[in-house]
Amino acid sequence: MSILANTSIKNRLTLIIITISAISVLLTVISIVAYSYYNIKQEMIIDLDLNAKAIGERNSAAISLGTDTMGFDDTYSQQAAKSLRFFKTNKSILKVCLYNAYKDEFAKYIADNVSDKACPKVGVYSVAAFTSKTLNLEREINYAGDNIGYIYIQTDKYKLDNFIAKTLTTAAIVMLVALIASYFLALYLQRSISNPILGIVRTADKVGAERDYSLRATQIYDDKQTHNNELAKLIKSFNKMLSEIESREGEMVHKNVQLEEAKNMAEKANEAKTQFLANISHELRTPLNSIIGFSDIICTEMLGPIENDKYSEYAHNINDSGVHLLEIINDILDISKAESGKLELRIGKVVLSKALDECLNIIERRAFDNNIKVTHNLPDNLPIIFVDRVRFKQIVLNILSNAVKFTEPEGEVILDVEHLEKDNQIRIDITDTGIGMSEDDIDKAFQSFVQIDGGLNRRHEGTGLGLPLTKQLVKLHKGRINVDSTPNKGTTVSVYLPVRSDELVNE
Amino acid sequence: MFRLNKHICSIFMAIFMLFVISADITIAGKTSKEKYLKAAYINNLLRFTQWPDGYLNGDVNLCITGANPFGRAMQAIVERNKANGDIKLIENIRPGAVGQCDVIYISMFEQNDVPQLLIEAKAKKCLTISDEPNFIASGGMVEFSEIRGKLSYIVNVKKLSEAGLSVNPLLLENAGKVIR
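Since the structure is predicted, the reported quantities are computational estimates derived from the model, not experimental observations.

Draft legend 1. Expanded view of the overall build of chain A. Across its full length, chain A holds 13 helices and 12 strands. Among the 507 residues that make up chain A, the fraction classed as buried is 23%. The contacts of chain A with a sequence gap of at least 6 include a subset with a gap of at least 24, amounting to 67%.

Written as structure tokens, this is what we have:
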């Protein structure tokens, strides 16, 4: 069947019809030839048997007389032999042998062209027997119930051989004519099946090439006629499918246009939002820097002592609030830049252990104030990594800050770092024994301006920008972040960063 | 002289005796062959002769006038021939006893009885055979006779037909002469 794999349906159908026709004709011819062959053999045997019987009867008196006068008078065997010479005119008779009742040879005729001039012994051919070249038959000669003698007769197989030759020639001609006729008939008949299918194939090819779903396969039957065959149904279904696709494509194009418009609008809105946030941040930072700067001068009593402690306390509050507000504005600015793709990294060599130490120094003070224990596990052989130093520290500090923020006093924050040499990555795990989060809360924690619940919001101040910004920064470093948390037990945030990303280094 | 003549006489006598003995041996051989051939012909005549339907019932009675001249040759051949049933050999048939015969062989030594025997045989549809030289002329059916130096048989088909008998033409083909 693999031979037919790339053959067209037209040729397949033609081949199938021809094959079936050929097999049918062949089987018919074989049956007829076999039947005729059997019949002609039987006919030859019957003919020869009748001949033998007639010859035997014709010579029965001579044999009988010859048998009884044996030894005294051989006239009768000579007469019998003389009568057998009649077969000289019959070229197909090769041997005729007459035997008396005692199975002794009585008379014979052997054709001149037969080299073996001997008669076989009686009983060698008990029935008619074909050899490669002859038909041999032996029978008794009886007269009125008495066994007078025996006759053996041998003929050539010319009739049979001639029949085989003629039959095979005829069969070959019949086969050839039948094959030619079936070929042309197959060519004509296969159209009723192949043409509709080929029409569908051509239409499908054209639709595929031109993306034109308005095309239709040609219906092979007159529309006025009602045809309920499979091919008519197939064409109808195919055309219906094309109509369906055409209709859906129209709808899809329309929806795509709408989606494109909506997307453009959303992008414009987002850009406007980003621009707005950047502008606002910039506008806010300018006066905020003045507030922080002047409040810092007051706090440090740069221009002289403050006599009333309340003023000093208020000045500290103004300064702290200003710094906090500046951090928020910076975060908003960063996340806006990150979302709009305008945040650029300054990749350089960073000694990982040193950068982490700096982060720990910053966070440990805050943790100490909240009575939270900070421990770390920094291996000695930590590699130098290629990251934006400031943004890297921002990532680590954000996560550490969150850990400290959401951990109750007497809790613990653990920093664990490992170099995954196989993947050439570093893994930074920050684990706390804090309030933890549910699965749903983890998803929310990565969304901008979202804090998990009102309760938390009130207890833990923050804008909800920490984790989203951290995620953006990790992403920019071609890394990934993973949060594993259990409510009331704690959270582990894992950051995976490449030691060296060629993509980042080459930018 | 008398002695010499006596010796010559003895020699002639011996030669004469030798001639007589050899002639006797030749005649005896010829007689044996004739007997055998006649028995064979009788056997084949029996085999190839057809009696009217229902005429023969069971055995065929083969009658011989006088003693059986064929000896064991006839007996051996007859035993093989079953075409018309078992053959029963009846010897020493005399005129007046032909009624029991289906075939009668009339020896040349009973030539005086031939006319009477033929009359009785015709009435009985009996096949008549003889080695008497004028048997056919006398109205017999089959006569053994030497034709061209060979013992053969002459068949009078007309007489056979008159008696309602027929002989297979194949046997007639081998006859020395056929009279129709």
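Next comes the rest of the account.
Draft legend 2. Region of interest: the overall build of chain B. A tally of regular secondary structure across chain B gives 5 helices and 9 strands. Looking at chain B residue by residue over its 180 residues, the buried ones come to 37%. Pairs at least 24 apart in sequence give 59% of the contacts found in chain B among residues at least 6 apart.

Draft legend 3. How the structure looks around the sheet that holds strand E1 (residues 93–100) of chain A. All names here are of chain A. Across the sheet, 5 strands lie side by side as E2-E1-E5-E4-E3; this open sheet has antiparallel pairing. Single-partner strands in this sheet number two, and they are strand E2 (105–110) and strand E3 (129–130). Judged from the 10 bridges that link them, strand E4 (residues 134–143) and strand E5 (residues 146–156) form a sheet pairing that is antiparallel. Note that in E5 the partner of Tyr-143 across the bridge is Asp-146. The sheet strands contacting helix H1 (residues 9–58) are E1, E4 and E5, and the helix crosses E4 at an angle near 40 degrees.

Draft legend 4. Looking closely at the packing of helix H9 (residues 389–405) of chain A against helix H12 (residues 466–476) of chain A. Residues and elements named next belong to chain A. Where H9 meets H12, the closest approach of the two axes is 9 Å, and the angle between their N-to-C directions is 145 degrees. Both H9 and H12 take part in a crossing whose hand is left-handed. Of H12, the residues touching H9 (which contributes Arg-391, Gln-394, Ile-395, Asn-398, Ile-399, Ser-401 and Asn-402) are Gly-466, Leu-467, Leu-469, Thr-470, Leu-473 and Val-474. Its residues placed into classes, the contact of H9 with H12 shows 6 nonpolar, 6 polar and 1 charged.

Draft legend 5. Fine view of the interface of chain B and chain A. Listed per partner, the contact involves 17 residues of chain B and 15 residues of chain A. If you tally residues by element for the side of chain B that touches chain A, the top one is helix H1 (residues 2–48) of chain B, at 8 residues. Per-class residue counts for the side of chain B that touches chain A are 8 nonpolar, 5 polar and 4 charged.

Draft legend 6. The environment of Ala-54 of chain A, seen in detail. Residue and element names in this part refer to chain A. With respect to the helices, strands and loops of the structure, Ala-54 is situated in helix H1. By the C-beta count within 10 Å, which is 11 here, Ala-54 ends up exposed. With 87 residues separating them along the chain, Ala-54 and Ile-141 place their C-alpha atoms 9.4 Å apart.

Draft legend 7. Structural detail: the nonpolar core. The biggest cluster of nonpolar side chains holds 74 residues, and the ones touching the most others in it are Ile-151 of chain A together with Val-103 and Ile-104 of chain B. Broken down by element, the residue count for this core peaks at 9 residues, all from H1 of chain B. Ignoring any residue separated from it by four or fewer positions in sequence, one finds Ile-151 of chain A in contact with Ala-52, Ile-55, Gly-56, Cys-97, Leu-98, Glu-138, Arg-139 and Ile-141 of chain A. Of all hydrophobic cores here, the second largest spans 34 residues; its members include Leu-356, Val-387, Phe-392 and Ile-399 of chain A.

Draft legend 8. Representation of the sheet that holds strand E12 (residues 490–498) of chain A in the model. Residues and elements named next belong to chain A. If you walk across this open sheet you meet the 5 strands as E7-E9-E10-E12-E11, and the pairing is mixed. One side of each edge strand has no neighbouring strand; the edge strands of this open sheet are strand E7 (373–377) and strand E11 (480–486). The average angle at which neighbouring strand axes cross in this sheet is 15 degrees, direction not considered. Bridge analysis of E7 against strand E9 (residues 412–420) gives 5 bridges, and the strand direction is parallel. By the bridge assignment, Val-374 is partnered in E9 with Val-413. Here helix H8 (residues 352–369) sits on the sheet in contact with E7, E9 and strand E10 (425–432), set at roughly 170 degrees to E7. Across the face of the sheet, H12 comes into contact with E11 and E12 while running at roughly 140 degrees to E11.

Draft legend 9. A look at the packing of helix H7 (residues 309–339) of chain A against H12 of chain A. Residues and elements named next belong to chain A. Relative to each other, H7 and H12 sit at 45 degrees, their axes nearing to 10 Å. Comparing the axis directions of H7 and H12 gives the class oblique. Taken as a pair, H7 and H12 cross one another with a handedness that is left-handed. Taking contact as the criterion, the partners of Asp-331, Asp-334, Ile-335 and Ala-338 in H7 are, on H12, Pro-468, Leu-469, Gln-472 and Leu-476. Looking at the contact of H7 with H12, its residues break down into 5 nonpolar, 1 polar and 2 charged.

Draft legend 10. Examining H8 of chain A more closely. Residues and elements named next belong to chain A. In a regular helix each residue adds 1.5 Å, so 18 residues correspond to 26 Å; H8 covers 26 Å between its end C-alpha atoms and thus fits that length. Residues of H8 that are buried: Leu-352, Leu-356, Cys-359, Ile-363 and Ala-367. Contacts made by the buried residues of H8 are with strand E6 (347–351), E7, strand E8 (384–388), H9, E9 and E10. A positive phi of about 55 degrees marks Asn-371, the residue just after H8.

Draft legend 11. Inspection of H12 of chain A at higher detail. Residues and elements named next belong to chain A. Within H12, 9 of the 11 residues are buried, which leaves the element mostly enclosed by the surrounding structure. Three or more residues of H12 are buried, namely Gly-466, Leu-467, Pro-468, Leu-469, Thr-470, Lys-471, Gln-472, Leu-473 and Val-474. Looking at the residues trailing H12, positive phi occurs at Lys-478, about 65 degrees.

Draft legend 12. How the structure looks around the pairing of strand E4 (residues 103–106) of chain B. All names here are of chain B. In E4, alternate side chains face the same way, and those of Val-103 and Tyr-105 on one face and Ile-104 and Ile-106 on the other are all buried. In this sheet, E4 lies alongside strand E2 (residues 60–64) in parallel orientation, the contact comprising 3 bridges. Note on E4: the bridge partner recorded for Leu-62 is Val-103. The pairing of E4 with strand E5 (residues 127–130) spans 4 bridges and is parallel. From the neighbouring strand, Ile-104 faces E5, where its bridge partner is Thr-128. Read from E4 through helix H3 (residues 114–123) to E5, the crossover connection turns out right-handed.

Draft legend 13. Fine view of the confidence of the model for chain A. All names here are of chain A. When pLDDT is averaged along chain A, the result is 86, and 94% of the positions lie at 70 or above. Between the elements of chain A, mean pLDDT differs from a low of 45, seen in helix H11 (residues 454–459), to a high of 95, seen in E10. When the criterion is pLDDT under 50, residues 454–459 qualifies, and its contacts beyond four places in sequence or with other chains add up to 2 contacts.

Draft legend 14. Broad picture of the environment of Glu-503 of chain A. Residues and elements named next belong to chain A. Mapped onto the elements of the fold, Glu-503 is located in helix H13 (residues 502–506). What makes Glu-503 exposed here is the crowd of 8 C-beta atoms within 10 Å. Note: C-alpha distance between Glu-503 and His-477 (26 residues apart in sequence) is 9.6 Å.

Parameters and conventions
- Residues numbered from 1 in each chain as written.
- Chains lettered and ligands numbered in written order.
- Predicted model: local features only at pLDDT ≥ 70, side-chain atom pairs only at ≥ 80, totals over all residues.
- Helix = DSSP H or I, 4+ residues; strand = E, 2+ residues; numbered from the N terminus.
- Buried ≥ 20, exposed ≤ 12 C-beta atoms within 10 Å, placed from the backbone.
- Contact = placed C-beta atoms within 7 Å.
- Pairing = 2+ DSSP bridges.
- Axes fitted to C-alpha atoms, helices over the stretch in contact; angles between N-to-C directions.
- Left-handed = near helix turned anticlockwise from the far one by under 90°.
- Nonpolar A, V, L, I, M, F, W, Y, C, P; charged D, E, K, R; others polar.
- Core = buried A, V, L, I, M, F, W, Y, C linked by C-beta atoms within 7 Å.
- Parallel < 35°, antiparallel > 145°, perpendicular 65-115°, else oblique.
- Expected span 1.5 Å × (residues − 1).
- Right-handed = clockwise from strand over helix to strand, strands pointing away.
- pLDDT = per-residue confidence, 0-100.

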